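As a plain string of letters, each chain reads:
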Amino acid sequence: MTNANDQISPAARAAFLRQEIQRHSRLYFQDDNPEIPDAQFDLLVRELEVLEASHPELISPGSPTAMVGAPTGGRALKEVTRAIPMLSLDKALSAEEIQDFEDRVKRFLGTSESVPFRTMPKFDGLAVELIYAGRILTLASTRGDGRTGEDITPNVKTISSIPQTLNSSAPGSELRVRGEVYMDKSEFVRLNEEREAAGLSVFANPRNAAAGSLRQLDSRETSRRRLSFFAYGLAEPEMAEVETYAGLMVRLAEWGFPVEASAASRSTDKISEVIAILEKLANDRDQLPYEVDGLVVTVDSLSLWPRLGATSRSPRYAVAAKFKPRAAVTKVLSIEVQVGRTGALTPVAIMEPALVGGVTVSQATLHNEDELKRKDVRPGDWVQIQRAGDVIPEIIAVELQRRPPDLAPFEFPHHCPVCGTEAVRKLDEAVSRCPNPSCPAQIEARLIHFAHKGALDIEGLGQKVAALLLSKELVGQPSDLFRLTLTKLQALPRFGSKSAANLIAAIDKARTKNLWRFINGLSIRHVGERSSQILAGHFKSLKALSEATREQLLSLNDIGPEVAQSVLDFFQSPLNQSFISDLIGQELGVKPTFEEPLASGGLSGQRFVLTGTLSGMTRAEAKARIIAKGGRVLSAVSRETDFVVAGEAAGSKLTEAKKLGIPTLDEKGLLALLDGGSAPAEKPEN
Ligand code: IVH
């Protein structure tokens, strides 16, 4: 059979593909009415790319493939759901916490003998999972939230150190390899220089650069940025058929993966040695070609791993020992008072840019008026700053010996610096606020919050875009976002057709996000993600929530009087009433979806009190595991308590539970409950 394409010239086929890609982009973005699934669309783009690669004369600047970053017209990466989640690691922030890790391991194993460990630098990149089937790389994904990540297969295939085919010693069955994609420091510098020359924004650190490169929709862009990879584990370590973590590293290397040599080369059973290795690595880190942010310490014997198990977040057989935060000294140029979404006035120190652990820092929050007074930071002061991990930089102390004698203390303003309204500070609060809900700064901050990751997650709507939309009066309140159109956006200075289409698509997606995200996005004081989930779970719609009574709110587990009051206050304000009725009116097509947030096996809202000594875990661990399942751990027994967990030598709390008729659990009962079974609780008679 002849292929119909054989008779068509490559030029005609390319023209046809371009036209089709554009038509489908339009159907998808403008008409919200796609004719074909994403995967089929991607195939059209891929076919055009292949055609252009073999016929370079066909490449034209107007081609959809020439649009860097998003040849697929801004379509998102596909989601990948995995059966064996990628967990994160617990952190140890000091030598004591490393010691605690060893103690915990020994206690769990019920041994006083030393346990051999392996150490490996903690690479500061992105965790990925690579799936091989028949020794061929078939799927690569980001970690995402552990269970669901993003499909980055075409991008990963451009990384030269990742084998696309494994050596014959590797098993032919499905193999899931985990490791870190990172960018060398030298490549980071090169990339930023290139971007700067091209007038593009630069990346703050190699990790962000690696992440940005890996999540490109156009894999040719990824291939232009040289990324590297280290393998450090398997989803199913037993597939390596080895006894130890060191053996696992040797296997991974045999199969064809790049591994970092240290874990295979020495084991140590003295925790003091681990601490020394960490210190040495901290001293040597600047000499390494890549960024590291700590040392991963792992129990060497793989047979102990299942015995130690994992919490829902992290395995118990490994820990990430972090370096001490890097500090620097710099000068405070001024103190700015910023206005947050609830009107809170936050002093921020603007500093001479300083390099702290590879990142340029030029601002640090001073939290509130009291904190500012306590630290007594003044414009013109020299200050010590530090940054721990990704945390916002902090001023540790003022170098008083360097303070010029005439430096005046900073006067905290009595008025909102943006709208001029007199600031209000309640007696029992550390924060002064601008009480004017129509303050432009608050409106902007609320718009940004509405769109942020924990709320409607509208990518592309950060501070700059929010400010632009407000200044052009395209948006007044957050619900106006749903009135934006491609034409309106394209008329704005910063927007090209690509970025406009991307933003419209992200807003479209937000219309049907989960109800709790909408609630979180409203900027109700004291209502964060967790309260939003509780409120969504009970009221099931924005309308019902807006009509909630004080009694209804207070009847909910975990909603206290403060939260209840601010929910009531919020819906009583005329400004908010008009916002909500606009949001839920027919016109905007906003239809929040509703799911039970902590449905299966959750201990959502249940109150626990722990007493006595548990044998298999510490109290802190029991607490962490209860919280991880949505439960709460309180210190005193009351009528509100749902379960009292009683270990060895339980005292007065157990007596109290019995008196109040509260069910008690022993350790086995708790474990059963945590595993999602029903609790074999003992209900006292009476
Ligand atoms: S885990 C039990 N090793 O840290 C297996 N994770 O895992 C122990 N990470 O985001 C090995 N370098 O991407 C391990 N050498 C390393 C690592 C490492 C970086 C990251 C990983 C994840 C986080 C927690």
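What you are looking at is a predicted structure, and each value in this text was computed from that prediction instead of being measured.

Engineer: I tried to follow a negative patch on the surface on my own but got confused; where do I start?
Structural biologist: A contiguous patch of negative charge on the surface is contributed by Glu96, Glu97, Asp100 and Asp103. In this structure, aspartate 100 sits in helix H3 (residues 95-109). The partly exposed category is assigned to aspartate 100, whose relative accessible area is 38%.

Engineer: Which parts of the structure should I look at to understand the packing of aromatic side chains?
Structural biologist: Aromatic ring pairs are described here by two measures, namely the spacing of the ring centres and the angle between the planes. Following the criterion strictly, the structure yields 14 aromatic pairs and no others. Centroid distance phenylalanine 230 to tyrosine 290: 5.4 Å. Interplanar angle 80°. Geometry classified as edge-to-face. Residue phenylalanine 230 is found in strand E8 (residues 228-234), and its partner tyrosine 290 is found in the loop between helix H10 (271-284) and strand E10 (292-299); the two are separated by 60 residues along the sequence. Like phenylalanine 230, the residue tyrosine 290 is buried in the burial classification.

Engineer: Could you clarify how one ought to interpret the site of the ligand in this entry?
Structural biologist: As a structural note, the neighbourhood of the ligand is formed by 14 residues, with Pro121, Phe123, Ala127, Glu180 and Tyr232 the closest of them. Side-chain polar atom of lysine 122 to an oxygen atom of the ligand: 3.5 Å apart, as the coordinates give it. In isolation the ligand has 520 Å² of accessible area, and contact with the protein removes 88% of it. Counting only elements with at least two residues in the shell around the ligand, the list comes to strand E3 (117-123) and E10. Partitioned by chemical class, the residues of the shell around the ligand number 10 nonpolar, two polar and two charged.

Engineer: I tried to follow the environment of leucine 288 on my own but got confused; where do I start?
Structural biologist: Tracing the backbone through its elements, the reader meets leucine 288 in the loop between H10 and E10. The class of leucine 288 is partly exposed, set by a relative accessible area of 21%. Along the backbone, leucine 288 and lysine 185 are 103 residues apart, and their C-alpha atoms lie at a distance of 8.7 Å. Look past the residues within four positions of leucine 288 in its chain and what remains in contact with it is Lys185 and Leu281.

Engineer: I would appreciate a short explanation of the confidence of the model for the protein chain in the present structure.
Structural biologist: It should be kept in mind that the predicted coordinates are not to be read in detail where pLDDT is low. When pLDDT is averaged across the protein chain, the result is 87; 91% of the residues are at 70 or more. Here residues 1-6 scores under 50 on pLDDT; set against residues more than four positions off or in separate chains, the count is three contacts. Of the regions scoring below 50 in pLDDT, residues 597-601 engages in six contacts with residues more than four places distant in sequence or in other chains.

Engineer: I'm lost on the pairing of strand E12 (residues 326-339) in this one. Help?
Structural biologist: When a strand is regular, its side chains alternate between the sheet's two faces. With six bridges connecting them, E12 and strand E15 (residues 382-387) associate as antiparallel partners. Residue alanine 327 lies in a different strand from E15, and its bridge partner there is glutamine 386. Looking at chain direction, E12 and strand E13 (residues 345-356) are connected through seven bridges and run antiparallel. Across the sheet, the residue bridging to valine 337 is proline 347, located in E13.

Engineer: What should I look at first to understand the environment of leucine 130 in this one?
Structural biologist: Examined against the element boundaries, leucine 130 turns out to sit in strand E4 (residues 126-133). On the basis of relative accessible area, leucine 130 is assigned to the buried category, the value being 0%. Sequence spacing of leucine 130 and arginine 178 is 48 residues, and the spatial spacing of their C-alpha atoms is 6.3 Å. Leave out the neighbours within four places in its chain, and leucine 130 touches Leu137, Leu139, Ala140, Val156, Ile162, Leu175, Arg176, Val177, Phe229 and Phe257.

Engineer: Looking at this model, I keep getting lost on the sheet that holds E8. Mind explaining?
Structural biologist: Here we have four strands laid out as an open sheet, ordered E5-E4-E7-E8, and antiparallel in their pairing. The open sheet has two edge strands with one neighbour each: strand E5 (136-142) and E8. Strand-to-strand, the axes of this sheet are offset by a mean angle of 35°, without reference to chain direction. Note that E4 and E5 share six bridges and pair antiparallel. When the bridges of E5 are listed, valine 128 appears paired with threonine 142. Helix-sheet contacts for helix H6 (residues 206-214) involve E4 and strand E7 (175-182), and the interaxial angle to E4 is about 40°. Strands in contact with helix H8 (residues 245-255) are E7 and E8; relative to E8, the strand with the most contacts, it is inclined by about 130°.

Engineer: When you look at the packing of helix H21 (residues 561-572) against helix H22 (residues 574-584) in this model, what are you seeing that I'm missing?
Structural biologist: Two quantities define a packed helix pair, namely the angle between the axes and the distance from one axis to the other. For the pair H21 and H22, the least separation of the axes is 5 Å and the interaxial angle reads 80°. Considering the angle they form, H21 stands roughly perpendicular to H22. From H21, Phe570, Phe571 and Gln572 reach across to H22, where they touch Pro574, Asn576, Gln577 and Ile580. Grouping the amino acids of the contact of H21 with H22 by side-chain chemistry returns four nonpolar, three polar and no charged.

Engineer: Can you help me understand the packing of H3 against H10 in this one?
Structural biologist: Two elements in contact, H3 and H10, have axes whose closest approach is 10 Å; the angle formed by their N-to-C orientations is 140°. In terms of axis orientation, H3 runs oblique to H10. The element H3 and its partner H10 pack so that their crossing is right-handed. In contact with Ala95, Ile98, Gln99 and Glu102 of H3, H10 contributes Ile271, Val274, Ile275 and Leu278. The class makeup of the residues in the contact of H3 with H10 is six nonpolar, one polar and one charged.

Engineer: Looking at this model, I keep getting lost on the side chain of glutamate 369. Mind explaining?
Structural biologist: Within the element layout of this structure, glutamate 369 appears in helix H12 (residues 369-375). Under the relative-accessibility criterion, glutamate 369 is labelled buried at 14%. Side-chain polar atoms of glutamate 369 contact the side chain of serine 432, separated by 3.3 Å. In contact with glutamate 369, other than residues within four places in its own chain, are Pro347, Phe412, Arg425, Ala430 and Ser432.

Engineer: Where do I start with the sheet that holds strand E22 (residues 664-665) in this structure?
Structural biologist: Ordered in space as E20-E19-E21-E22, the four strands form an open sheet in which the pairing is parallel. Strands at the two margins of the open sheet, each flanked by one partner only, are strand E20 (632-634) and E22. Along the sheet, helix H23 (residues 619-628) makes contact with strand E19 (607-611) and E20, crossing E19 at roughly 170°.

Reading the values: the criteria
Sequence order as written defines residue numbering, which begins from 1 separately in each chain. At least 70 in pLDDT is required for a residue's local features to be given in this predicted model, at least 80 for side-chain atom pairs to be given and counted, and no such filter applies to totals for whole chains, interfaces and linings, which use all residues. Excluding hydrogens and water, the side-chain figures rest on all heavy atoms present in the structure. The patch calculation keeps residues exceeding 30% relative accessible area without a salt bridge and links them within 9 Å when they carry like charges or within 5 Å when they are nonpolar (Val, Leu, Ile, Met, Phe, Trp, Tyr). Accessible surface is estimated by sampling points in the Shrake-Rupley manner with a 1.4 Å probe; for residues, cover comes only from the protein chains shown. Any carboxyl oxygen of Asp or Glu that lies within 4 Å of a side-chain nitrogen of Lys or Arg is treated as forming a salt bridge with it. The charged-residue count follows a simple rule in which Lys and Arg add positive charge and Asp and Glu add negative charge, with His and chain termini not counted at all. A charged residue contributes its charge at one atom only: NZ of Lys, CZ of Arg, CG of Asp or CD of Glu. Every helix listed is a DSSP run of H or I at least four residues long, and every strand listed is a run of E at least two residues long, numbered separately from the N terminus. A 1.4 Å probe rolled over the protein chains alone gives each residue an accessible area, and that area as a share of the maximum for its type sets the label: buried under 20%, exposed over 50%, partly exposed in between. The aromatic pairing rule takes the rings of Phe, Tyr and Trp, using the six-membered ring of Trp, and pairs them if the centres are within 6.5 Å, calling planes under 30 degrees apart stacked, those over 60 edge-to-face and the rest tilted. By convention in these notes, a residue is near a molecule or strand provided one of its non-hydrogen atoms lies within 4 Å of it. Within 3.5 Å is the distance limit for a polar contact, defined as a pair of N or O atoms, with the added protein rule that one can donate a hydrogen and the other accept it, and that residues adjacent in sequence qualify only through two side-chain atoms. Polar here means any residue other than Ala, Val, Leu, Ile, Met, Phe, Trp, Tyr, Cys and Pro, which are nonpolar, and Asp, Glu, Lys and Arg, which are charged; Gly is therefore polar. Any pair of residues with heavy atoms lying within 4.5 Å of one another is described as a contacting pair. For every residue, the predictor reports its confidence as pLDDT, a number between 0 and 100. When DSSP finds two or more bridges between two strands, those strands count as paired. Axis lines are fitted to C-alpha atoms, over the contacting stretch for helices. Their N-to-C directions set the angle, which ranges from 0 to 180 degrees. When an angle is under 35 degrees it counts as roughly parallel; over 145 it counts as roughly antiparallel; between 65 and 115 it counts as roughly perpendicular; any other value is oblique. Should the near helix be turned anticlockwise from the far one by less than a right angle, the crossing is termed left-handed; should it be turned clockwise, right-handed.

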